[in-house]
Amino acid sequence: MTKRQGLYLDGVSVVFDGFRALNNLSLIVDPGELRAVIGPNGAGKTTMMDVITGKTRPTAGTVRFGDHDLTRMDEAAIANLGIGRKFQKPTVFDALTVFENLELALKAPRDPLSCLRWRLNAVSRARIGAVLEEIGLAARAADLAGVLSHGQRQWLEIGMLLMQDPELLLVDEPVAGMTDQETEQTAALLRRIAGHRSVVVVEHDLEFVRALGEKVTVLHEGTMLSEGSIDAVQNDPRVIEVYLGR
Amino acid sequence: MARLLLLIVLLLARPALAQDAYLDALPGLAGGFGAQAEAVERLGAGGNPRALPVLRALSEGRLMKRDSTVILNGTDAATGQPLDATGAETVRINNRVRSALRGALGRLQLVSANPDERFAAAESVFRSRSAENIPGLEAAIARETVPRVKERQELALAASRLVAPDAAVKRQGIATLGGASSEDARALLLEARNANPELAAEIDAAIAAIDTRLTFKRAAETLFQGLSLGSVLLLAALGLAITFGVMGVINMAHGEFVMLGAYTTFVVQEACRGIPWLLPWSLPLSVPAAFLVAGLAGAALERGLIRHLYGRPLETLLMTFGVGMILQQAVRLAFGAQNREVISPAWMQGTLPLPGGILITQNRLWVIVFAMLVLLLAIAAIRLTRFGLEMRAVVQNRRIAATMGIRTGRVDALTFAFGSGIAGMAGVALSQIDNVSPNLGTGYIIDSFMVVVFGGVGSLVGTLVGSMGLGVLNKVIEPWAGAVLAKVAVLVIIMLFIQRRPRGLFALKGRAADA
Amino acid sequence: MSGITATPAARGIPPRLLVRGAILAGIALLAALPLLNLLPAGSALRVSDFTVAVTGKWICYAVLALAIDIAWGYAGILSLGHGAFFALGGYAMGMHLMRLIGPRGVYGHPVLPDFMVFLGYRELPWYWLGFEHFPYALLMALLVPGALAFIVGWLSFRSRITGVYFSILTQAMTYALMLAFFRNDMGFGGNNGFTDFKELLGVPLNTQAARSGLFYAALLLLAGCLFLCRHIVSTKLGRVLVAVRDAESRVRFLGYSVTSFKLAVFTLSGMMAGLAGALYVPLVGIINPGEFAPGNSIEAVIWVAVGGRGTLIGAVLGAFSVNAVKTWLTSFAPDLWLFALGGLFVAVTLLLPQGLVGLFRRRAR
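Residues numbered from 1 in each chain as written. Chains lettered and ligands numbered in written order. Predicted model: local features only at pLDDT ≥ 70, side-chain atom pairs only at ≥ 80, totals over all residues. Heavy atoms only, no water.

Residues and elements named next belong to chain A. Reading across from one edge, β2-β1-β4-β5 is the order of the 4 strands in this open sheet, with antiparallel pairing throughout. The open sheet terminates on both sides in strands that have one partner only, identified here as β2 (19-29) and β5 (68-69). Summarising the sheet, strand β1 (residues 7-16) and strand β4 (residues 60-65) pair through 5 bridges and their orientation is antiparallel. Considered in β4, the bridge of D10 is made with T62. (Pairing = 2+ DSSP bridges. Helix = DSSP H or I, 4+ residues; strand = E, 2+ residues; numbered from the N terminus.)

With that out of the way, let us pick up the environment of M259(B). All names here are of chain B. Tracing the sequence through the fold places M259 in helix α12 (residues 254-272). It is 8.8 Å that separates the C-alpha atoms of M259 and T442, two residues lying 183 residues apart in sequence. When near neighbours in sequence (up to four residues on either side) are disregarded, M259 contacts L327, Q328, V331, S437, P438, L440 and G441. (Contact = heavy atoms within 4.5 Å.)

Moving on: the domain arrangement of chain B. By convention, interface size is frequently given as the accessible area that disappears when the constituent parts associate. All names here are of chain B. Here chain B is described as being made up of domain 1 (2-213) and domain 2 (215-509). If you average the C-alpha positions of domain 1 and of domain 2, the two centres end up 52 Å apart. Contact residues are listed per partner, giving 5 residues for domain 1 and 6 residues for domain 2. Counting each side, the surface lost to burial between domain 1 and domain 2 is near 360 Å², with a carbon and sulfur contribution of 26%. Summed over the three residues of domain 1 that lose the most area to domain 2, namely S181, E183 and R213, the buried surface amounts to 70% of that side. Counting across the domain 1 and domain 2 interface gives 0 salt bridges. Linking domain 1 with domain 2 are 6 residue pairs in polar contact (both at pLDDT 80 or more). Per-element accounting of the side of domain 1 that touches domain 2 gives the leading share, 3 residues, to helix α11 (residues 200-246). Tallied by class, residues from the side of domain 1 that touches domain 2 come to no nonpolar, 2 polar and 3 charged. (Domains from an automatic or database assignment. Buried area = accessible area lost by both parts, 1.4 Å probe. Salt bridge = Lys/Arg side-chain N within 4 Å of Asp/Glu carboxyl O. Polar contact = N/O pair within 3.5 Å; in protein donor to acceptor, adjacent residues only side chain to side chain. Nonpolar A, V, L, I, M, F, W, Y, C, P; charged D, E, K, R; others polar.)

Per the stated rule, a full pass over the model turns up 28 salt bridges over all chains. Across the salt bridge formed by K215(A) and E227(A), the nearest N and O atoms sit 3.9 Å from each other. With a gap of 12 residues between them, K215(A) in strand β9 (residues 215-220) and E227(A) in strand β10 (residues 223-228) connect regions that are remote in the sequence. Owing to a relative accessible area of 34%, E227(A) belongs among the partly exposed residues under this scheme. The salt bridge partner of D246(C) is R245(C), with a shortest N-O separation of 3.0 Å. Because the salt bridges share partners, they merge into one network encompassing E33(A), R35(A), K215(A) and E227(A). (Buried < 20%, exposed > 50% of the residue type's maximum accessible area, 1.4 Å probe, protein only.)

Each partner contributes residues to the interface: chain B has 38 residues there, and chain C has 43 residues. When the two sides are added together, the surface that chain B and chain C hide from each other amounts to roughly 3600 Å², 82% of it contributed by carbon and sulfur. Interface area lost by chain B to chain C is led by L314(B), L318(B) and I446(B), which between them contribute 19%. Viewed at the interface, chain C and chain B are joined by 1 salt bridge. In this structure, R309(C) and E315(B) form a salt bridge, with 2.5 Å as the shortest nitrogen-oxygen distance.

What follows deals with the sheet that holds strand β2 (residues 69-72) of chain B. Residues and elements named next belong to chain B. Within the open sheet, the 4 strands sit side by side as β3-β2-β1-β4. Their pairing is antiparallel. In this open sheet, the two edge strands, each paired with only one partner strand, are β3 (75-76) and β4 (89-90). Sheet topology places β2 next to β3; 2 bridges connect them, and they run antiparallel. Counted as the bridge partner of L72 is T75 from β3.

Here's what the structure looks like:
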């Protein structure tokens, strides 16, 4: 990694037909930081991810990653900057094998002609093999992704993110619908991935956030309500009001 | 003043004078070409109604003569007594007489009892353009009670004045023509401009005034044609906006449901033939019938086939295309490949004149009215009824609607039947303006999809604006590009438009649109 | 998009050698047809001129089906306007064949085709220039459909027009082109299109040599396209296309420009269809605006569905089998053909979503 870049959101608003999904949201994630974002339903967590990854254009505000203005780039260009995203619902390519899924995610030239001429070399093969081991799917490399279980699909998707080797990783509710054991494994996996990367985790599950043990941002009605350690946030009267009713 | 006096005298003394002039002039018709022309002029100027059939017979080559007796249909034209016609010969005429005849007939018809004849007479006088017509026209205008005939006569008078020797009279003519809004008046003025350089300034002003009005008239007519085409598109697209826009089911057999509606209209009409008093009502009766036929076909299609393919739009598209083919071929075998005729009731025929010379065809007007009614009906059904409420609930969240006790399968079938039924009603309207043939629907399906895409999927208001917009756009481009290129141009415009607004004019935004 | 359509690269059943063998046997059988045509009239193995001509036509259809399949079956782009690319390629070749008629036309004009003389043209329109040269015409048969596919694709894909929207748009495209080509003043013969061709590359078209030559050219084109498509789907490019088909937005978040992949495959597909059309015209001896009819394009789509989309051999199989049934049925019960075709649309989508190839696969399992 040559240059470490931070994520910088300032005054971001997103309006859908008069509904403010994001309202003057500002957020700074430093290089290498692991940040948890929590908030009740409809707080704008997913919209925030959409804005960062270029799926939704903000109505107003600045979104920067290092020197790059993300509001002017499309999803593919943003992904190539080194921003990876894991969706709430795992999406992998069902008609391709586990190996092929990882191969597509591997850092390599992304244009059609390069893909036509692409040959898998020993280095790449080894790298895919390493990730297969890491996500525990080595034995299933030749199976279609479509036949994997829910948890395995989650891991495959995380594996694809590893192949992308992103600088900033956005993870949307990684443990939704997982068993306790799977949740634990996933938390460990995420911590390991984080390493030197910046990671933003959106989650409902406060225990999971506590397990991550990092700085927390609380969103409410599209704007930032509170920020700090999990204990500080949990004792913030405004947060208590939002979570426990008014 | 002298002219006015003369006119009054003429009017008062008319019957007696006219009678004498008629009898005096009549023998001239049996003479040489010169005498004939003169007699024709006098008969025309005399204004005796008896002269009309004589001159008509002359122009049609039916008038006979023996010596100086003129014979009309076996009677003496002077006395009206029956007469033995042996040895009589046909009266021959030359071009000079013929041109005199045209003006004379026109002048005589001006006093006819039949308004249509008077209208036609004014028309022919307008064309023949002679200063000699002026007194007759002035008299006719004074008597005229029917506005549209009077209007025409005034134009003819103006045209005649234009060729009068007196400059003041000419000016009168120019002023009247300048108030007209027809191409004919404009052409007359242009002609007069060459003949009368001294009046050029006034004529130019009059032409400019006509041009302004013509531009307005053309714009108004284009707008009407555009709205008319737009309402046809609206009718065809409305059902689609429900099945495709609301349910997300792409039904390529939609055009065939329109076709079924048109054939239902034909069948109802044939059934009504046996009961004469019912025949004028066959079209209104067809509306519910077509709604039912197409609606039932739609319900059968949805329950029998489409519901197995929910969530697979491309397969649905192919499958319904196949259904469309089968329906078309079945109708072709049952009714034959040739066009079937659906008669318009009397109250839908003819044209409706509007001020400013704008003509509107009645049946097109009715289609616009009908389209608006159907649109209101659809909106009311969705907004105000229990069925509409359940439908909207199922569209928004199928599972929650089901847990609240709504039978989603039944709602799907009803919604689809409703959209298909509207297609059937569109077929009733199309039977009035298009050929009823098995491939009636294919011509509309692509345009309808364009309307829905352009207007924004899932919005009936969008469908209204989309169809009217495309209709008017088509008609605006047509005059300088032709009908075919207009269609191509509209398609290109839609493609470019979608670049800016991929979800159409009235798009749902936000999360709902991503579903 | 629908569930699991397998890429050939991933499957073990049936043994790939068997498939390859069957393909080679099929090609060999087809290649033998013109030779069997040479046998004396009484021979039991003799194949009639008609059979050779009709089979040649089917081969062109198979290439068209292949073009549709690589876009639809692999990248999920369902075009309902591929008939337009086919027809444009055909018109390009038709223009060349018209220029070759020279003074042998009814009016005997040395340069202008008959219909232009009839319509009072003084000279050749600018876009007819160069078509007297065969390589130029062939190039145009490739480039014009390619350019149209590129423009339509670029406008659509960059604004994320997908699924049925794209299908409807392409259908409108071929419909608009049909209306345009029906016009006399377009300079493409209006209603009647082009016909009465005399020769190609110096060989009179009504000879056995020309028929066999065209047949082999078509077969070569089919084999070439089959090989090219097989190569593409076996590379990472093919896997990206499948990924685009199944989860387009996920591919974007992996950093691939979905627009350029779709554009590449759609343009290639348009070019293949154009070449198929270019060979089709001298084989059947006529091209007219009817080729642009939306029904033709959608019929070609159903060949692919019948054979099994997402499998290249399925597209070829579908084109042959549907057209064989069509030729057979239209000869003895023409009224029934449209019912059968409509029924085929319904049956395949409802009962046989993987097509004939899917059926064989299930058997093999």
